[in-house]
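# Architecture at a glance
Read off the chains here:
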Amino acid sequence: MENNPVFTIFESLPRQGAGDDEHTAKAFSLIAGLPKGGGEILDVGCGKGVQTMALARLCPSCRIIATDIHQPYLDAVEEKIAAEGFSGRVQTVRASMDDLPFAEASFDIIWAEGCASIIGIDHAVRYWKTLLKRGGSMMISDIFWFTRAPSDEAREFFAEFHPAMMTEEEVFEVIRDAGLELAGSFRLPSRVWEESFYGELRKRFGALEEKFADDEGALMVINGLKRQTEIFDKYQEEFGNTYCIMRKPL
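Here's what I pulled together on the structure shown here. (Residues numbered from 1 in each chain as written. Predicted model: local features only at pLDDT ≥ 70, side-chain atom pairs only at ≥ 80, totals over all residues. Heavy atoms only, no water.)

With five of six residues buried, strand S2 (residues 63-68) is to be regarded as a mostly interior element. Bridging between strand S1 (residues 40-43) and S2 involves four bridges; their strand directions are parallel. Each bridged residue has a counterpart across the sheet, and for Asp43 the counterpart in S2 is Ala66. Viewed along the sheet, the connection from S1 through helix H3 (residues 50-58) into S2 turns out right-handed. Judged from the five bridges that link them, S2 and strand S3 (residues 90-94) form a sheet pairing that is parallel. Looking at S3, one finds that Ala66 is bridged to Thr92. In this fold, S2 hands off to helix H4 (residues 71-84), which returns the chain to S3; that crossover is right-handed. (Buried < 20%, exposed > 50% of the residue type's maximum accessible area, 1.4 Å probe, protein only. Helix = DSSP H or I, 4+ residues; strand = E, 2+ residues; numbered from the N terminus. Pairing = 2+ DSSP bridges. Right-handed = clockwise from strand over helix to strand, strands pointing away.)

As structure tokens, this is what we get:
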């Protein structure tokens, strides 16, 4: 996976997926029962750590471990940690999100913005649940259908590029079937997709195509991303990011 051109393409982006500090804070506000002395947070698939820094600011007493498989992303996180004075409270660990080097029941919060679908939502929820303490909370945000009957063009696109994409209702069922309580959910506004992700991609498509002109795999990824922005422009009412906050019973 380390040689996947997606990593290199996304290195140029401020964020590796849609989102912003406002909605990270909104999701965090739905978490209850954090220990008085802070807690242990695991930020899975942290990318360049924009949300890691937001979490550190939201919970000054929390200790955070940010994980990703791509070392250049973690290098960027380390720079942010030093710049914001979080050394000693926030650390990075290079690890695959489906093979994390932590003991069961190690964390009060598990955070995963835009990455759970990489290993499958059901697998992610059930596996990461084992790392949660009793009464702990997990947040996943990912791209889901808002309708059971999407337009043919949107359905055909995602059948090729994201065939396992679920509806929100299916995700809620996965959460319940895993023995977790759904504490809340909300959708990321379409404008944030454009501001934080698609707009940033559009600015870079020309330079990326030039940089990867001789890399067929990278060009395929770039063309897929271009097509996704077009699909989003036409059908943004039918799909998008949903934040799901869940709790492991005591």
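The tally for this structure, following the rule as stated, stands at 19 salt bridges. The closest approach of N and O atoms between Arg191 and Glu22, which form a salt bridge, is 3.8 Å. On the criterion of sequence distance, the pair formed by Arg191 in helix H8 (residues 190-211) and Glu22 in helix H2 (residues 21-28) is long-range, its members being 169 residues apart. Under the relative-accessibility criterion, Arg191 is labelled partly exposed at 41%. (Salt bridge = Lys/Arg side-chain N within 4 Å of Asp/Glu carboxyl O.)

Bringing the nonpolar core into the picture now. Nonpolar side chains in soluble globular proteins tend to end up buried together. Judged by nonpolar contacts, the single largest core of 51 residues is most densely connected at Ile9, Phe28, Trp111, Phe158, Trp193, Phe197 and Phe239. Tallying contributions element by element places H8 first for this core, with seven residues. Phe102, Ile121, Met138 and Met166 belong to the second largest nonpolar core, which has 33 residues in total. (Core = buried A, V, L, I, M, F, W, Y, C linked by side-chain atoms within 4.5 Å.)

This part covers the packing of H8 against helix H9 (residues 216-235). Contact geometry of H8 with H9 gives a least axis separation of 10 Å together with a crossing angle of 145°. The handedness of the crossing between H8 and H9 is left-handed. Only Leu219, Ile222, Asn223, Leu225, Lys226, Gln228, Thr229, Phe232 and Asp233 of H9 make contact with H8, whose side of the interface consists of Ser190, Trp193, Tyr198, Leu201, Arg202, Phe205, Leu208 and Glu209. Per-class residue counts for the contact of H8 with H9 are nine nonpolar, four polar and four charged. (Axes fitted to C-alpha atoms, helices over the stretch in contact; angles between N-to-C directions. Left-handed = near helix turned anticlockwise from the far one by under 90°. Contact = heavy atoms within 4.5 Å. Nonpolar A, V, L, I, M, F, W, Y, C, P; charged D, E, K, R; others polar.)

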